[in-house]
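Structure assessment
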Protein chains: 2
Amino acid sequence: MTTTRVPQEERTRAMRQRLMDATVELLVEKGFGGTTTTLVSERAGVSRGAQLHHFPTKNDLVVAAVGHLTAIRGSDLEAAAAKLPAGRGRTEAVMQMLGDHFASPVFTAALELWVAARTDPGLHEAVAPLEQHVGRETHRLTVELLGVDEAQPGVRELVQATLDLVRGLGLANTLGDDARRRRRILTEWARTLDAALHPADPQGEDG
Amino acid sequence: MTTTRVPQEERTRAMRQRLMDATVELLVEKGFGGTTTTLVSERAGVSRGAQLHHFPTKNDLVVAAVGHLTAIRGSDLEAAAAKLPAGRGRTEAVMQMLGDHFASPVFTAALELWVAARTDPGLHEAVAPLEQHVGRETHRLTVELLGVDEAQPGVRELVQATLDLVRGLGLANTLGDDARRRRRILTEWARTLDAALHPADPQGEDG
């Protein structure tokens with residue numbers, strides 16, 4: 001076994017990363033109420049002392065995890081978007097990709113934070129602006145992926161409706177696996193959206 | 001002041017009702033984590049002893065509140081449905097009614113219970129079947145209010161999509177008042193739904 005000298009800054013960064021990952025995992029497994037600083041340091045393999053030095057309270061940990069989660073959500077979406085097919089069937093592929101994203105553990109962790117933030121002003125202050133940022137970025141990405149023009153009447157609202165629909169499907173999914181129902185609904189919504197967004201083109205091609 | 005003899009059974013029923021109402025109010029104000037049996041008995045004006053006799057633990061109280069909340073949600077929806085206009089504009093009125101229902105405090109209380117139930121098997125056992133029941137009833141009511149035929153291809157999925165959309169809008173609303181955005185989205189959704197459900201009738205009349 002060889003020992004590599006890792007700069008202090010790099011080790012600190014890696015440790016904070018492990019603490020954030022552990023926090024997100026515990027939010028998914030045990031919910032906001034069941035996530036404790038003790039469990040996080042155990043899961044991350046970080047000493048209590050080191051953990052308390054970086055994040056003295058549960059709120060410090062959770063607020064940092066909100067930012068971490070926002071970054072994961074953004075990169076997950078961008079990675080999924082890069083794999084989408086072009087042309088025919090693209091609208092449906094975009095819908096299913098969004099549906100899968102909002103049914104993933106990162107959505108579940110975010111849901112725990114939203115609901116906790118609703119009645120916790122300190123957490124709300126951290127969650128609300130990042131959530132608005134994620135919302136705007138997801139909207140921008142969806143418009144781009146669908147290749148639609150928001151200057152056309154109704155287009156902006158239909159994109160927003162799509163994102164609220166997948167958010168609702170994500171919430172339904174947390175009470176039980178809902179994948180088959182979700183896929184059927186999104187297939188039909190893709191068909192309806194194509195008819196509404198591209199009325200002159202019944203095949204729903206983007207060009 | 002006259003004293004009226006109220007039968008014991010009736011007094012017990014009224015006390016349980018006050019405890020349930022207090023539980024739902026506290027779920028909205030303080031969230032699941034902040035709702036304690038002490039706060040519930042204070043809010044309901046019921047002695048600790050009487051409260052503990054009827055509901056020994058927080059879970060007993062909350063599980064009973066799930067049933068209470070289900071009944072309130074059903075009767076709120078039926079009452080709102082009875083006020084809807086007929087003919088032109090009905091689809092939009094149905095959409096706005098559903099949107100308002102899913103943005104109301106009863107939805108917020110239900111959301112707290114769903115999220116808590118996700119990581120609490122005892123609560124999940126109580127919440128999941130009642131939530132399925134509410135889901136089926138809301139679906140049935142929406143089909144009836146829209147006057148659509150689920151035997152037609154795609155209709156069932158579009159009704160489900162509508163309910164997932166208003167659920168998603170309800171969730172968005174808990175992080176900040178979202179009424180204007182919600183109304184705009186539902187106006188556009190109603191237009192799209194009318195075009196998809198009544199393709200031969202551009203005015204969206206039900207008859």
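Residues numbered from 1 in each chain as written. Chains lettered and ligands numbered in written order. Predicted model: local features only at pLDDT ≥ 70, side-chain atom pairs only at ≥ 80, totals over all residues. Heavy atoms only, no water.

In the annotation of an unreviewed UniProt entry, the entry for chain A reads AcrR family transcriptional regulator, and the organism field reads Nocardioides kongjuensis.

1. So, the side chain of Gln160(B)
Which entries qualify depends on this criterion: Where helices and strands are cited, they refer to DSSP runs of H or I of at least four residues and of E of at least two residues respectively, numbered from the N terminus. Summary of the burial criterion: residues with accessible area below 20% of their type's maximum are buried, those above 50% are exposed, and those between are partly exposed, where the area comes from a 1.4 Å probe applied to protein chains only.
In this fold, Gln160(B) is placed in helix α8 (residues 155–173). Owing to a relative accessible area of 8%, Gln160(B) belongs among the buried residues under this scheme.

2. Quick notes on the packing of aromatic side chains
All names here are of chain B. Worth spelling out the cut-off: Pairing of aromatic side chains requires ring centres within 6.5 Å, counting the rings of Phe and Tyr and the six-membered ring of Trp. Pairs whose planes differ by under 30 degrees are stacked, by over 60 edge-to-face, and all others tilted.
Evaluated as defined, the whole model comprises five aromatic pairs over all chains. Ring geometry for phenylalanine 102 against phenylalanine 107: centres 5.7 Å apart, planes inclined by 50 degrees, an arrangement best described as tilted. A centroid spacing of 5.5 Å and a plane angle of 80 degrees characterise the contact between phenylalanine 107 and tryptophan 114, whose relative ring orientation is edge-to-face. For the pair formed by phenylalanine 107 and tryptophan 114, the shared burial category is buried.

3. What to know about the packing of helix α8 (residues 155–174) of chain A against α8(B)
Put simply, the test is: Orientation is described by axes fitted as lines to C-alpha atoms, over the contacting stretch for helices, and by angles from 0 to 180 degrees between their N-to-C directions. An angle counts as roughly parallel when it lies under 35 degrees, as roughly antiparallel when it exceeds 145, as roughly perpendicular when it falls between 65 and 115, and as oblique in every other case. We call two residues in contact when some of their heavy atoms are within 4.5 Å. Under the scheme applied, nonpolar residues are Ala, Val, Leu, Ile, Met, Phe, Trp, Tyr, Cys and Pro; charged residues are Asp, Glu, Lys and Arg; polar residues are all the others, including Gly.
Two elements in contact, α8(A) and α8(B), have axes separated by 6 Å at closest approach and are oriented at 90 degrees. The orientation of α8(A) relative to α8(B) falls into the category roughly perpendicular. For the pair α8(A) and α8(B), contact is made by Ala161(A), Asp164(A), Leu165(A), Arg167(A), Gly168(A), Leu169(A), Leu171(A) and Ala172(A) and by Ala161(B), Asp164(B), Leu165(B), Arg167(B), Gly168(B), Leu169(B), Leu171(B) and Ala172(B), respectively. Across the contact of α8(A) with α8(B), the residue classes break down as 10 nonpolar, two polar and four charged.

4. Description of the interface of chain A and chain B
The test is simple: What counts as buried area is the accessible surface, traced by a 1.4 Å probe, that two parts surrender upon association, with contributions from both included. Each salt bridge in this description consists of a side-chain nitrogen of Lys or Arg and a carboxyl oxygen of Asp or Glu lying within 4 Å of one another. Definition of a polar contact: a pair of N or O atoms within 3.5 Å, with one able to donate and the other able to accept a hydrogen when the atoms are protein atoms, and with sequence-neighbouring residues admitted only if both atoms are side-chain atoms.
At the interface, 38 residues of chain A touch 38 residues of chain B. When chain A packs against chain B, close to 3200 Å² is buried across both sides, 66% of that on carbon and sulfur atoms. Summed over the three residues of chain A that lose the most area to chain B, namely Arg118(A), Leu171(A) and Leu175(A), the buried surface amounts to 22% of that side. The tally of links between chain A and chain B comes to six salt bridges. One salt bridge in this structure joins Arg181(A) and Asp164(B), with 3.0 Å as the shortest N-O distance. Taken together, chain A and chain B are joined by 12 residue pairs in polar contact (both at pLDDT 80 or more). At the level of secondary structure, the elements contributing two or more residues to the side of chain A that touches chain B comprise α1 (8–34), α6 (105–118), α7 (121–146), α8 and α9 (179–197) of chain A. Of the residues forming the side of chain A that touches chain B, the biggest block, 12 residues, is contributed by α8(A). Taken together, the residues of the side of chain A that touches chain B break down into 18 nonpolar, nine polar and 11 charged.

5. Observations regarding the UniProt feature "domain: HTH tetR-type" (unreviewed entry) in chain A
What counts is decided by this rule: UniProt positions are given in the numbering used here, feature names are shortened, and annotations may be inferred rather than shown by experiment.
According to UniProt, the "domain: HTH tetR-type" (unreviewed entry) feature falls on residues 13–73 of chain A. When the span residues 13–73 of chain A is considered, its composition is 87% helix and 0% strand, and the gap between its end C-alpha atoms is 20 Å.

6. Section: the relation of the copies chain A and chain B
As a reminder of what qualifies: To line up the copies, we fit them by least squares on C-alpha atoms, keeping just the residues with pLDDT of at least 70 in both.
At an RMSD of 0.0 Å, chain A and chain B line up after a rotation of 180 degrees and a shift of 0.0 Å along the axis. In the structure described here, the two chain copies are related by an operation that fits a two-fold rotation axis. Both copies present the same face, since 100% of the interface residues in chain A are matched by interface residues at the equivalent positions in chain B.

7. With respect to the environment of Ala22(A)
All names here are of chain A. In this structure, alanine 22 sits in helix α1. As a C-alpha pair, alanine 22 and proline 85 span 63 residues in sequence and 34 Å in three-dimensional space. If we ignore the near neighbours within four places in the chain, the residues touching alanine 22 are Val40, Arg43 and Ala44.

8. Some points on the side chain of Thr192(A)
Topologically, Thr192(A) is positioned in helix α9. Residue classification places Thr192(A) among the buried positions, given a relative accessible area of 9%. In contact with Thr192(A), other than residues within four places in its own chain, are Leu158(B), Thr192(B) and Ala196(B).

9. What to know about empty space enclosed by the protein
Note the cut-off: Of the two site types, the cavity is a set of points on a 1 Å grid over the protein atoms alone where a 1.4 Å probe fits but cannot get out, and the pocket is an open set with protein on both sides within 12 Å along at least five of seven lines, each lined by residues with an atom within 4 Å of a point. Grid points are joined across faces, edges and corners, and a volume is the space filled by probe spheres set on the points.
Under the criterion given, the structure shown has two cavities of 30 Å³ or more. Approximately 80 Å³ is the volume attributed to the largest cavity. Every residue along the wall of the largest cavity is listed here: Val66(A), Leu69(A), Thr70(A), Arg73(A), Ala110(A), Leu113(A), Trp114(A), Val127(A), Leu130(A), Glu131(A) and Val134(A). Only α4 (58–82), α6 and α7 of chain A provide two or more residues apiece to the lining of the largest cavity. Across the lining of the largest cavity, the residue classes break down as eight nonpolar, one polar and two charged. If you trace the second largest cavity, you find it lined by Val66(B), Leu69(B), Thr70(B), Arg73(B), Ala110(B), Leu113(B), Trp114(B), Val127(B), Leu130(B) and Glu131(B). Of all elements in the fold, only α4 (58–82), α6 (105–118) and α7 (121–146) of chain B reach the threshold of two or more residues within the lining of the second largest cavity. Per-element tally for the lining of the second largest cavity: the top contributor is α4(B), with four residues. When grouped by side-chain class, the residues that make up the lining of the second largest cavity number seven nonpolar, one polar and two charged.

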